[in-house]
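# Understanding the architecture of this molecule
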Amino acid sequence: MPITRAKSIDSLYQECKDFDLVLVPDAPMASALNQRLDKPHFGPFAITPRRLAARRREQAEDRLAFLELIQTTDLAWKEAAYAVGNLLQCWEYQATADAILEYERFATDATHTAVDCVAEMDTTSRRLTEYSVDDGTSVAVVGIKQFTALERSVLPSEYETIDPFTDEPFDHSPFRILDSPAAIVDVVLDTVTQENADDVGVVLDGASQYSSLIESALEAADIPYYGGPGFNDDTHHRAFLQLLRSVHAGQDTRVGDVRPLLTQLGMSINIEHDEKRLYDLDRPEVDWLLEFREEVSDDTFAGAIEAYEAVTDSALDALRDELETLGILNDVVSEVAVDRLEFYLQSYEVPIDRENEGVLLADAKSAAHVDRPVVFYLGLDEGWTHSSPRRPWVDQDQEFERNIRQFQLMLQSGVDQYYLVQNTAGGTPVTPCLYFEELFDEEFEHFSELDSIHHSRTFRPTQDGFEKESLDITPEEVAALSQSSLNTYVNSPRDHFFSRLVDNPDKDYFREGNLFHDFAEFYVAHPDVIEDEALDEIATVILDEVDPFLRNVDREVRHTKYRIGLQTIVEFLDTNPPRGDELLATSGGWGQNFFAAYYDHPIDASHTERWFENTDLGLKGKIDLVHDPTHLLDYKSGTKKSAYSIVKHSALDPPSDKPNFQALLYLAHQRTEQPNEELRFAFFHFLETIDDVVTGEGSLDDCLTTVTYYPLTYEEYIARPAVFTELQEEAANDCNKTFSKTEYEVYRVVFDAYEFPSTRDSDELIDSEFGQCLTERMKAEVGNYKYVTKGCKQALRHLLRIRNQNYFSDDVDAFEQFIRERLDELNARRAGEERFPVQGLGGDPNYRYVNNRDCILEGETR
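Notes on the structure follow. Owing to the predicted nature of the structure, the values given are computational and were not obtained by experimental measurement.

What counts and what doesn't
Residues numbered from 1 in each chain as written. Predicted model: local features only at pLDDT ≥ 70, side-chain atom pairs only at ≥ 80, totals over all residues. Heavy atoms only, no water. Core = buried A, V, L, I, M, F, W, Y, C linked by side-chain atoms within 4.5 Å. Buried < 20%, exposed > 50% of the residue type's maximum accessible area, 1.4 Å probe, protein only. Helix = DSSP H or I, 4+ residues; strand = E, 2+ residues; numbered from the N terminus. Contact = heavy atoms within 4.5 Å. Salt bridge = Lys/Arg side-chain N within 4 Å of Asp/Glu carboxyl O. Axes fitted to C-alpha atoms, helices over the stretch in contact; angles between N-to-C directions. Parallel < 35°, antiparallel > 145°, perpendicular 65-115°, else oblique. Left-handed = near helix turned anticlockwise from the far one by under 90°. Phe/Tyr/Trp six-rings, centres within 6.5 Å; stacked < 30°, edge-to-face > 60°. Lys NZ or Arg CZ within 6 Å of the ring centre and 35° of its normal. Patch = residues over 30% accessible without salt bridge, like charges linked within 9 Å, V, L, I, M, F, W, Y side chains within 5 Å. Areas by Shrake-Rupley, 256 points an atom, 1.4 Å probe, with all protein chains shown as cover. Lys, Arg positive; Asp, Glu negative; His and termini not counted. Charge placed at Lys NZ, Arg CZ, Asp CG, Glu CD. Pairing = 2+ DSSP bridges. Polar contact = N/O pair within 3.5 Å; in protein donor to acceptor, adjacent residues only side chain to side chain.

This brings us to the nonpolar core. L23, F66, L244, L323, L326, L341 and Y344 are the most contacted members of the largest nonpolar core, which totals 83 residues. Looking at this core element by element, the count peaks at 10 residues for helix α5 (residues 77-94). Once residues within four sequence positions are removed from consideration, L23 is found in contact with I47, T48, P49, L52, V139, A140, V141, V142, F147, V154 and L155. Membership of the second largest hydrophobic core comes to 37 residues, among which are V524, F549, I569 and L700.

See below:
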């Protein structure tokens with residue numbers, strides 16, 4: 001069915017103005033009708049049944065009933081809340097207080113207690129039950145289908161009904177699709193001013209992000225509004241509750257867990273400490289919080305409020321009054337007491353006094369009418385759909401009909417309606433409110449499939465007359481890339497961009513890795529200082545440095561891990577000491593060494609922590625160990641990778657989904673220092689054999705992965721006699737057998753006749769012209785035997801393994817060109833010629849390796 005056109009307030013008034021009493025389902029509609037009275041009227045004219053029976057503003061009777069139960073009965077707080085919620089809901093739908101006792105599943109002792117207590121209270125529900133309109137009163141009921149059974153119970157025997165809808169369809173405004181919630185809020189701010197604020201209404205899901213965004217935007221623009229944040233949304237109330245939670249959070253609480261609280265308390269602390277335990281953080285910024293955690297566990301809520309007020313220079317009078325109402329102001333701040341307070345604040349909205357002026361913010365699930373000329377609807381997504389009570393006393397069909405009629409009325413509030421929506425959010429399609437499925441005849445999944453208009457984001461001028469000033473600044477060009485920066489950029493240029501702007505917290509594995517590197521550097525320079533018994537002491541020192549990141553239960557395991565890692569490094573360097581005096585890099589060491597300061601021994605080693613910046617190639621980096629002029633080594637604390645994996649993830653076209661160019665980058669620089677030399681780059685995973693060392697079976701060879709650079713092209717390399725000899729002696733059996741029966745010249749002639757294909761796939765190589773020619777030549781020389789065909793396949797796979805586990809001059813040449821292209825691209829983006837895209841060269845980024853995930857919307861490409 002289409003959206004049914006609602007009657008205007010003026011039209012409704014004309015239909016009901018001659019009645020003595022007009023009952024309506026919605027307080028804003030009643031207010032709008034009353035404002036149109038054109039003659040004096042004795043007593044109420046348009047009014048809701050609840051307001052009529054209570055003769056007062058409606059009160060949150062669920063909260064009042066809960067307070068009465070916890071003060072006069074022995075029911076636990078959650079038990080009382082559950083009983084009250086079911087009781088009042090059943091009363092609303094069945095019109096009597098004890099109707100719930102007819103449902104066996106709900107007729108518990110707690111429910112009986114609640115019925116006995118609440119039925120005697122002076123609640124709006126009780127007044128509705130006891131009230132009825134005099135039969136002599138002429139009564140009009142607007143939208144009777146939206147009335148509950150309890151509301152209908154006040155009606156006289158005779159009354160007139162007025163349908164708020166016509167028989168015509170409503171030609172709704174188009175859905176205006178914007179890119180983000182911020183863009184939607186900008187549209188509202190483009191329209192509303194301090195002068196016209198009283199003419200504007202905003203309908204939104206109060207639990208959505210739109211609520212906080214629009215409130216912040218209106219406050220920043222100094223535009224009045226009402227209907228927004230309540231008691232529980234007060235920043236001091238929320239911070240105080242978080243402060244109480246932190247008291248009982250345990251000693252493993254991280255700084256990041258309480259960062260919002262620290263900010264509210266004015267205790268700013270660098271983000272690098274987020275992963276550290278609060279208790280172990282020796283920083284003056286958190287001293288007050290640590291002292292409060294120690295002292296308040298024996299204090300009362302009243303004392304805690306006083307302490308909070310003193311440090312924040314605030315007044316929490318409303319919170320103090322509410323705690324007194326709850327009867328817990330003078331209770332000790334125990335964990336149980338804090339849990340109960342948190343439950344209460346999550347379950348009930350504490351009433352507050354509001355200024356009824358400015359922009360009206362209306363909750364989409366509460367309002368049926370917004371009496372403002374201009375109404376903005378923000379989101380209109382599935383969050384606008386009511387969750388109907390799943391209880392036996394609720395007729396689901398009637399409830400759905402009531403909700404969808406309310407939804408249709410709300411959509412037509414005001415003279416001008418603006419439906420502001422998103423088609424996608426975070427790369428995920430936004431699901432329109434489910435009521436649209438019933439209201440529109442056509443099938444659809446997205447707003448863009450309906451009558452819609454796409455809008456680019458608008459930019460509002462700054463407040464207070466300030467205009468944006470164009471800055472003529474030439475960005476500094478990037479001359480060289482490090483391996484970590486290159487890896488990030490290739491995975492996602494947008495992530496690389498944010499890494500230049502956003503600080504990230506320090507991690508335990510960063511700290512561990514740095515300390516192991518410092519130890520290895522120190523041991524190369526001063527092996528005589530470190531004795532076997534000193535390794536236990538050093539492991540303890542590392543543990544103490546990393547301790548702020550650890551749980552207490554982790555200490556013993558970590559100490560063992562550190563001890564074995566240190567021992568493995570010592571064994572490797574004792575067995576394989578650095579050789580040669582010729583340096584790869586001319587720059588000195590990098591930063592300060594922890595153990596040099598600890599032992600008071602300066603480091604002047606020519607082989608360790610060598611920094612290079614090769615602007616000719618556009619590369620820079622830090623080499624852990626120059627083992628000899630043609631052999632570099634990098635210490636790794638992570639899981640060992642194979643040579644095949646290292647080469648695979650340094651692919652250029654297309655890049656791997658786990659790009660890692662460290663070995664290739666360092667070898668590219670090294671070959672400028674040692675041209676025409678065979679070079680090696682080794683990864684030493686000093687924790688790889690930790691399990692084997694514990695059982696006495698560890699081997700240094702199991703810790704090493706080495707990739708080799710050969711100073712000739714791949715095709716030149718595999719065409720050499722040495723590789724032919726490998727096929728005769730070191731390959732698989734059938735390959736050895738086949739090639740042992742022929743000569744190198746036969747092998748070589750294939751290279752002269754055909755170009756070796758660029759593929760890295762063995763099946764493609766076997767099926768290529770080169771692969772077919774090699775097989776035919778071997779058959780001609782050795783014989784047409786099955787083992788010859790199989791042996792040739794084994795030979796081709798052996799050749800491909802050489803390619804996939806090593807680097808050659810053409811690989812490094814391609815990488816150098818790749819770097820030049822990336823630097824040109826990066827500097828163009830830094831100059832503002834285009835945005836930094838989310839997608840890298842390989843398409844969508846691998847989000848496991850994105851460092852600034854919360855700054856990037858998944859699915860965004862621009």
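It is worth spelling out the pattern of salt bridges at this point. In this structure the tally under the stated criterion is 32 salt bridges. Here R63 and E322 are joined by a salt bridge, their closest N and O atoms 2.9 Å apart. Taken together, the residues R63 in helix α4 (residues 61-72) and E322 in helix α15 (residues 317-326) connect sequence positions 259 residues apart. As a salt-bridge pair, D734 and K790 come within 3.8 Å of each other at their nearest N and O atoms. Within this pair, whereas D734 is found in helix α30 (residues 733-739), its partner K790 is found in helix α34 (residues 786-804), the two being separated by 56 residues in sequence. Classification of D734 by relative accessible area gives buried; the value is 17%. Residue class for K790 comes out partly exposed when judged on its relative accessible area of 47%. Through salt bridges that share partners, E821, R822, E825, R829 and E834 make up one connected network.

Following both chains from N to C, one finds helix α9 (residues 181-191) and helix α10 (residues 209-220) inclined at 45 degrees, their axes separated by 10 Å at the closest point. When the axis of α9 is compared with that of α10, the two are oblique. By crossing handedness, the relation of α9 to α10 is classed as right-handed. The segment α9 lies against α10, with P181, A182, I184, V185, V188 and L189 engaging Q209, Y210, L213, I214, A217 and L218.

Another point: the packing of aromatic side chains. Scanning all chains against the criterion turns up 54 aromatic pairs. Among the aromatic residues, ring-to-ring pairing joins F175, Y377, W384, F400, F407, Y419, Y435, F436, F440, F444 and F447 into one connected group. Here the guanidinium or amino end of R822 rests over the ring plane of F818, the centre of that ring lying 4.7 Å away.

Quick look at a negative patch on the surface now. Negative charge collects at one region of the surface, where D282, D287, E291, E294, E295, D298, D299 and E306 lie side by side. Take the negative patch: its biggest share by element is four residues, from helix α13 (residues 287-295). Looking at where E294 falls in the secondary structure, it is placed in helix α13. Judged by relative accessible area, E294 falls into the partly exposed class, the value being 49%.

Our focus in this paragraph is the sheet that holds strand β21 (residues 806-808). Strand order in the open sheet formed by six strands is β16-β17-β18-β19-β20-β21, and the pairing between neighbours is mixed. Only two strands of the sheet have a single partner each, and these edge strands are β16 (608-614) and β21. In this sheet, adjacent strand axes meet at a mean angle of 35 degrees when their direction is disregarded. Of the strand pairs in this sheet, strand β19 (residues 679-685) and strand β20 (residues 704-710) are connected by six bridges, and their pairing is antiparallel.

Turning our eyes to something else, we now look at a positive patch on the surface. A grouping of K641, K648, K658 and R848 is seen on the molecular surface, where their side chains present a positively charged patch. Position of K641 relative to the elements: it lies in the loop between β18 (631-636) and α25 (643-648).

With respect to burial, strand β10 (residues 359-363) is a largely interior element, four of its five residues being buried. In terms of strand pairing, strand β8 (residues 200-204) meets β10 through four bridges, oriented parallel. From the neighbouring strand, G201 faces β10, where its bridge partner is L360. Where strand β9 (residues 225-226) meets β10, two bridges bridge the pair, whose relative direction is parallel. Bridge pairing in β10 links Y225 to V359.

By secondary structure assignment, the location of S125 is in helix α7 (residues 124-130). Of the polar contacts made by the side chain of S125, one reaches the side chain of E61; its length is 2.4 Å. Ignoring anything within four residues of it in the chain, the contact list for S125 reads R50, E61, L88, W91 and L150.

Turning to the environment of P505, a few remarks are in order. With respect to the helices, strands and loops of the structure, P505 is situated in the loop between α20 (493-499) and α21 (508-525). Each C-alpha atom of the pair P505 and N660 lies 22 Å from the other, and the pair is 155 residues apart in sequence. Among residues more than four places away in sequence, those in contact with P505 are I271, E272, D274, E275 and F510.

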